[in-house]
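Chain by chain, the residues run as shown.
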Amino acid sequence: MSDKKTKILRGRLLTFNDAPKGADDWDSYSYEEDGALLISNGKIEERGPYSVVASNAPTGTEIIDHRPHLIVPGFIDTHIHFPQAQVIASWADQLLDWLNDYTFPAELKFADKTHGKRIAKEFFDALLSHGTTTAVAYCSSHPNSVDAYFEEAEARDMLMIGGKTMMDRNAPADLCDTAQNSYDDSKKLLEKWHGRGRAHYAVTPRFAITSTPAQLEAAGSLLNEHPGVHLQTHINENHNEISLTKELFPEAADYLGVYEGFGLLGPRSLLGHCIHMNERELGVMRETGSVAVFCPTSNLFLGSGLFDKARLEASGIRTAIATDVGGGTNYSMLRTLDEGYKVLQLQRQRLHPLTCFYWATLGNAKALSLSDWIGTLDAGTDADVVVLDARATRPMALRMETVETLSEELFVLQTLGDDRAIVETYVAGSAAKQSGPE
Ligand code: GUN
Ligand code: ZN
């Protein structure tokens, strides 16, 4: 449970001001070797050198000394599937077989709210033990699963985004809704949860293959009627998926044209994968301000392809990075950055560790249009914070003996680190790594 007591966290602070333009873009970040955060009522009240913050704090303020560890903003995962906690690590063929053989059967179990509640506890524990303080999740098509998800988020005071998956064809009958009841249920859930505490709703048509035109139209109406909510879906992940989409929507110019035609694109639209994009689609992504979400462990695991960050960003497209568990293979944003680095290496694109840590924090917060609240250690923002130990394992400690710079340390963390490198995760100022509420 959250404790709202005023406290000071002392340690080595790292937070970003902007996307690093290169290895020596010192202005893009702020680093304080002996720094401190003053936290009160779930917010960061002050950030600065320890000596200054401590002298300004009320006498008797609790001091939690995390030296010599790094204190960074909590990680943000911009695409994950809550009902796939028991799908992760399933030996399957590529996307469509994986969905039919493992994913849909697992999601069917969420008809039972008791199952949803149990998995929600495990899911949130997994996020926090890996240093993730905000995630954008697909729930199942059962409204119950959305309640289970947001109830657990509320109990932990976490800023979470999520929504009911809308799907009315090409899936088991018991997982399918209809255009009308998916609209009605999404609207009810949205009105119940969006803006309650820290909850944000995302309208969630799974992808073009599992929605009729009538359902995509309903999703467009929900967005129109509720301009503050997000939209999440999948696109251009797999060649068979793209061919089937073309058969189902022969009138559309291309895959993105389907979503464009139903008014689903905009600055709060999060499009998972974006691997096989044509030039027209890139132009539409840019014009609409839609976000392309890179899911490296999933793209490798399902053999989907390589996300071309340089091409997307050269086209002026906003990007984010995510785990995509259960197609993704790890809850850790550190593991995700490591695999993302390798995917870009294969394309001769160099991803600097400063850019990696920017991406998993402020970059993802900007992609969600939530950087006034999360993604930095700036005063006035929510106190979602993670403490990292670059010597968490013996191989890491051995490698750290020769590390001389902050960037090198970050690279050790992302290349060798996982949940063992997470010393503590603070949610709205409360230590939350160990386990959630009973
Ligand atoms: N496309 C449609 N549904 C899914 C899903 O659950 N995971 C992934 N990776 N792609 C999808
Ligand atoms: Zn996904």
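Not measured: the values here are computed from a predicted model. (Residues numbered from 1 in each chain as written. Chains lettered and ligands numbered in written order. Predicted model: local features only at pLDDT ≥ 70, side-chain atom pairs only at ≥ 80, totals over all residues. Heavy atoms only, no water.)

In terms of helices and strands, the protein chain carries 15 helices and 16 strands. Taken over C-alpha atoms, the radius of gyration comes to 21 Å for the protein chain, in line with the 22 Å a tight globule of 438 residues would show. Along the first, second and third principal axes, the C-alpha set of the protein chain runs to 65 × 45 × 40 Å. Buried residues in the protein chain amount to 61% of all 438 residues. The contacts in the protein chain between residues at least 6 apart in sequence include a share of 76% that link residues at least 24 apart. Summing over all exposed atoms, the protein chain offers an accessible surface of approximately 16400 Å²; the carbon and sulfur share of this is 49%. Side chains of the protein chain carry 40 positive and 60 negative charges; the gap between the two charge centres is 3 Å. (Helix = DSSP H or I, 4+ residues; strand = E, 2+ residues; numbered from the N terminus. Rg over C-alpha atoms; globule rule 2.2 N^0.38 Å. Buried < 20%, exposed > 50% of the residue type's maximum accessible area, 1.4 Å probe, protein only. Contact = heavy atoms within 4.5 Å. Areas by Shrake-Rupley, 256 points an atom, 1.4 Å probe, with all protein chains shown as cover. Lys, Arg positive; Asp, Glu negative; His and termini not counted. Charge placed at Lys NZ, Arg CZ, Asp CG, Glu CD.)

Taken together, the residues surrounding ligand 1 are H81, Q84, L95, W98, L99, R206, F207, H234, E237, H273, S298 and D324. Protein chains bury 100% of the 270 Å² of accessible surface belonging to ligand 1 in isolation. Top contributing element to the shell around ligand 1 by residue count: helix α2 (residues 95–108), with 3 residues. Looking at the shell around ligand 1 residue by residue, the classes come out as 4 nonpolar, 5 polar and 3 charged. (Near = heavy atom within 4 Å. Nonpolar A, V, L, I, M, F, W, Y, C, P; charged D, E, K, R; others polar.)

The next point concerns the pattern of salt bridges. In total, this model carries 29 salt bridges according to the counting rule given. Of the charged contacts, one joins R10 and D34 as a salt bridge, the two residues approaching to 2.8 Å between their closest N and O atoms. Placement of R10 in strand β1 (residues 7–16) and of D34 in strand β2 (residues 29–40) is noted, with a sequence separation of 24 residues between them. Bridged by salt links that share partners, the residues K43, R198, D382 and D384 form one connected network. (Salt bridge = Lys/Arg side-chain N within 4 Å of Asp/Glu carboxyl O.)

We now examine the coordination of the zinc ion (ligand 2). Note on metal sites: the ideal angle is 109.5 degrees for four tetrahedral donors, and 90 or 180 degrees for six octahedral donors. Around the zinc ion (ligand 2), the donor atoms from the protein are H79 (NE2), H81 (NE2), H234 (NE2) and D324 (OD), and they sit 2.0 to 2.4 Å away. With 4 donor atoms in place around the zinc ion (ligand 2) and angles of 89 to 169 degrees between them, the coordination shape is irregular. In terms of primary sequence, the donors binding the zinc ion (ligand 2) are separated according to H-x1-H-x152-H-x89-D. Residue H79 is located in strand β5 (residues 75–81), and its partner H234 is located in strand β10 (residues 230–235); the two are separated by 155 residues in the primary sequence. For the pair shown, H79 and H234 are each scored as buried. (Donors = N, O, S within 2.8 Å, 3.2 Å for Na, K, Ca; no water. Tetrahedral: all angles 85-135°; square planar, octahedral: opposite > 155°, others 65-115°.)

Bringing the packing of aromatic side chains into the picture now. The tally for this structure, following the rule as stated, stands at 16 aromatic pairs. When the centroid spacing of 6.3 Å and the interplanar angle of 70 degrees are considered together, the rings of F123 and Y331 count as edge-to-face. In this pair, F123 is assigned in helix α3 (residues 113–129) and Y331 in the loop between β13 (318–321) and α12 (333–345), connecting sequence segments 208 residues apart. The pair formed by F123 and Y331 is uniform in burial state, with each residue classed as buried. With centroids separated by 5.3 Å and ring planes inclined at 25 degrees, the aromatic side chains of F150 and W193 adopt a geometry described as stacked. Of the two residues, F150 is situated in helix α4 (residues 143–155) and W193 in helix α5 (residues 179–193); the sequence distance between them amounts to 43 residues. Among the aromatic residues, ring-to-ring pairing joins F82, F110, F123, F124, Y149, F150, W193 and Y331 into one connected group. The ring centre of Y50 lies 3.6 Å from the NZ or CZ of R10, which sits over that ring. (Phe/Tyr/Trp six-rings, centres within 6.5 Å; stacked < 30°, edge-to-face > 60°. Lys NZ or Arg CZ within 6 Å of the ring centre and 35° of its normal.)

Here we come to α5. Structural remark: α-helix, 3.6 residues per turn; residues separated by three or four positions point the same way. In this model α5 runs 21 Å from its N-terminal to its C-terminal C-alpha over 15 residues, within 8% of the 21 Å that 1.5 Å per residue would give. Buried within α5 we find A179, S182, Y183, S186, L189, L190 and W193. In a view along the axis of α5, the buried residues occupy a sector of 140 degrees, so they form one face of it. Opposite the packed face of α5, turned more than 90 degrees from it, sit the exposed residues Q180, K188 and E191. G195 lies just past α5 and shows a positive phi near 85 degrees. (Expected span 1.5 Å × (residues − 1). Arc of directions from axis to C-beta.)

Across the 7 residues of β5, 7 count as buried, placing the element largely inside the fold. With 5 bridges connecting them, β5 and strand β6 (residues 132–138) associate as parallel partners. Bridged to H81 within β6 is Y138. (Pairing = 2+ DSSP bridges.)

With that settled, the discussion passes to the nonpolar core. Counting residues in hydrophobic clusters, the biggest one holds 106 residues, and the most contacted among them are F75, F123, V203 and F357. Counting residues in hydrophobic clusters, the runner-up holds 16 residues, among them L159, A202, V291 and V293. (Core = buried A, V, L, I, M, F, W, Y, C linked by side-chain atoms within 4.5 Å.)

Examined against the element boundaries, V343 turns out to sit in helix α12. For V343, a relative accessible area of 1% corresponds to the buried category. Here the alpha-carbon distance between V343 and D418, two residues 75 residues apart in the chain, equals 18 Å. Ignoring sequence-local partners within four residues, the contact set of V343 consists of F294, P296, L300, L306 and F307.

Overall, mixed pairing links the 7 strands, which are arranged β3-β2-β1-β4-β14-β15-β16 in an open sheet. Since the sheet does not close on itself, it has two edges, and those belong to β3 (43–49) and β16 (430–431), each with one partner. Inspection of the sheet shows β2 paired to β3 by 6 bridges, in the antiparallel sense. Its bridge partner lying in β3, L37 is registered against R47. Running over the sheet, helix α13 (residues 353–367) touches β1, β2, β4 (62–73) and β14 (385–388) and is turned about 120 degrees from β1. (Axes fitted to C-alpha atoms, helices over the stretch in contact; angles between N-to-C directions.)

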